[in-house]
Amino acid sequence: MSGKPRLTYINGRGRMESIRWLLAAAGVEFEEVFLQTREQLLKLGQDGSLLFQQVPMVEIDGMKLVQTRAILNYIAGKYNLYGKDLKERALIDMYVEGMADLYDIIMNHDFKPANEKEKDLANIMDKATNRYLPVFEKVLKDHGHDFLVGNKLSKADVSLLENILWLEELKPDALAKFPLLQSFKARMSNMPNIKKFLQPGSAKKPLIQEKDIPNVMAIFH
Amino acid sequence: MAAKPVLYYFDGRGKMESVRWLLAAAGVEFEEVFLETREQYEKLLQSGVLMFQQVPMVEIDGMKLVQTRAILNYIAGKYNLYGKDLKERALIDMYVGGTDDLMGFLLSFPFLSAEDKVKQCAFVVQKATSRYFPAYEKVLKDHGQDFLVGNRLSWADIHLLEAILMLEEKKSDALSGFPLLQAFKKRISSIPTIKKFLAPGSKRKPISDDKYVETVRRVLRMYYDVKPN
């Protein structure tokens, strides 16, 4: 028995990727179970493993946790990535929730029909460069530390890095106007656990391939 | 002496209602600033108090908190409604996630056409009775206590009661077939702070009407059609 957390999801980013990132940043090894058919998902739903018949699901410390936020909050709390007190936690939550809104539109981009993709990308970049990235550029400026909250790594930093990198996959110059975010990205990417996660062979998932999209849609719909 | 929290939102439920519920259940008095005009909203935007240019926003303990979950997490933590340890917190987060998803299906309801309202109503009731209520009924059964987590009131209980009452507004017998949830509803409703919130004259908001929709559309310049799920 390994005792490692075990993640159940599809073999792709979706809503599990933030969890992979956070575990990796915390230096925690984990196992993965990949759903390949809708039948597999339904079976799990019927055997009581999925409280709301949905994934992500993470088996950790004797619990079968579902709901992405619940999972992320537990990992952050357990591995000291959630600030030092209630107020730091509030800032971390505020930043992470803001980024979650951005993440949702980024995540859904791959599933847009071809004729909507260009408009969707423009919307994502508009939101990123006018609403979200300026906020975090300013936080870094005003806070004046290497990290977004307090003086150490938190789930807010991990979430920001994850979003920045995905934005850059969509548009390489996404950070052009944000010098502090650029140095944040370099700094964070060099942290040992994160550097390892960014290397080939890690649990980090690639962008979904066009050919795999129908199968993923079939699993969830 | 600590100032009361100040809630910035529209005069209606929307995303702020869960915050009102939680503060009320915690016995915390609060003030409200209602957005009524575009000018007011633009002034707020320019003053920089809305981190992502959005409401809800709550001024509390020297912070201007936005993002509903961040606000709720903070209040729950501050007023001991978040369990006694990390594992209880995980259960609470998990249960609240479910009720948040369920109530989320009703957020757009006031903005739908009459025809779409009928569809959405059926959709939400189906999700409630086939996915969510069975899950919470089972939690109550397996846990065997008066509350969802541990042995005392938590945010999860308050949020579930809010969801139950919202569903019953759409289908009055939504809880039929769920005896433990029926008993839970009675029990939690009779907790003094919650009973007070459920009585007339409290800060609990009524079901959103056309006036609310008009106000939101006007203030946010949100004139697109809203689609059902």
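Just so you know, these numbers come straight off a predicted model, no measurement behind them.

Asks: Before we go on, may I ask you to explain the domain arrangement of chain A in this structure?
Replies: Interface size is commonly expressed as the accessible area that is lost once the parts come together. Residues and elements named next belong to chain A. Each assigned domain of chain A is listed here: domain 1 (6-79 + 198-212) and domain 2 (86-190). Relative placement of domain 1 and domain 2: their C-alpha centres are 21 Å apart. In this complex, domain 1 contributes 16 residues to the contact, which on the side of domain 2 involves 16 residues. Counting the surface lost from both domain 1 and domain 2, the interface buries some 1,400 Å², and carbon and sulfur atoms represent 62% of this. Here domain 1 and domain 2 share three salt bridges between them. Salt-bridge contacts for Arg 15 lead to Asp 104; the nearest nitrogen and oxygen are separated by 3.2 Å. Summed over the shared surface of domain 1 and domain 2, the number is six residue pairs in polar contact (both at pLDDT 80 or more). At the level of elements, helix H1 (17-25) and helix H3 (68-78) are the ones that each hand at least two residues to the side of domain 1 that touches domain 2. Element by element, the count of residues in the side of domain 1 that touches domain 2 is highest for H1, at five residues. Partitioning the side of domain 1 that touches domain 2 into residue classes produces eight nonpolar, three polar and five charged.

Asks: What should I look at first to understand the pattern of salt bridges in this one?
Replies: A full pass over the atoms with the stated rule returns 35 salt bridges over all chains. For Arg 221 of chain B, the salt bridge identified is with Glu 42 of chain B, shortest N-O distance 3.7 Å. Residue Arg 221 of chain B is found in the segment after helix H9 (210-220), and its partner Glu 42 of chain B is found in helix H2 (residues 38-47); the two are separated by 179 residues along the sequence. Taking the relative accessible area as the measure of exposure, Arg 221 of chain B reaches 51% and is therefore exposed. Since its relative accessible area comes to 29%, Glu 42 of chain B is described here as partly exposed. The structure contains a network of salt bridges with shared partners spanning Glu 17, Arg 20, Glu 32 and Lys 205 of chain A.

Asks: Help me understand helix H4 (residues 86-104) of chain B, please; the structure alone is not making it clear to me.
Replies: Residues lying three or four places apart along an α-helix face the same way, a consequence of the helix completing one turn every 3.6 residues. Taking 1.5 Å of rise per residue, the 19 residues of H4 of chain B would be expected to cover 27 Å, and the 26 Å separating its terminal C-alpha atoms lies within 8% of that figure. Sitting at the head of H4 of chain B, Asp 85 of chain B places a side-chain oxygen 3.2 Å from the backbone nitrogen of Lys 87 of chain B.

The rules behind each value
- Along each chain, residues carry numbers from 1 onward, in the same order as the chain's sequence is written.
- By the order in which they are written, chains take letters starting at A while ligands take numbers starting at 1.
- Side-chain atom pairs in this predicted model are given and counted only at pLDDT of 80 or more, local residue features only at pLDDT of at least 70, and totals for whole chains, interfaces and linings cover all residues.
- Hydrogens and water molecules were not included; the side-chain quantities draw on all heavy atoms of the structure.
- For the purposes of this description, domain bounds are those given by an automatic or database domain assignment.
- In this analysis, two residues are considered to be in contact whenever any of their non-hydrogen atoms come within 4.5 Å of each other.
- What gets called buried area is simply the loss in accessible area from a 1.4 Å probe that two parts show on being joined, summed for both.
- By definition, a salt bridge exists where a carboxyl oxygen of Asp or Glu is found within 4 Å of a side-chain nitrogen of Lys or Arg.
- Polar contact criterion, stated in full: a pair of N or O atoms within 3.5 Å, where within protein one must be able to donate a hydrogen and the other to accept it, and residues adjacent in sequence count only if both atoms are side-chain atoms.
- Secondary structure elements follow DSSP: runs of H or I of four or more residues count as helices, runs of E of two or more count as strands, with numbering from the N terminus.
- Gly is placed with the polar residues, together with every amino acid not listed as nonpolar (Ala, Val, Leu, Ile, Met, Phe, Trp, Tyr, Cys and Pro) or charged (Asp, Glu, Lys and Arg).
- Whether a residue is buried, partly exposed or exposed follows from its accessible area with a 1.4 Å probe, protein chains only, as a fraction of its type maximum: under 20%, in between, or over 50%, in that order.
- A helix's residues, less one, multiplied by 1.5 Å, set its expected span.

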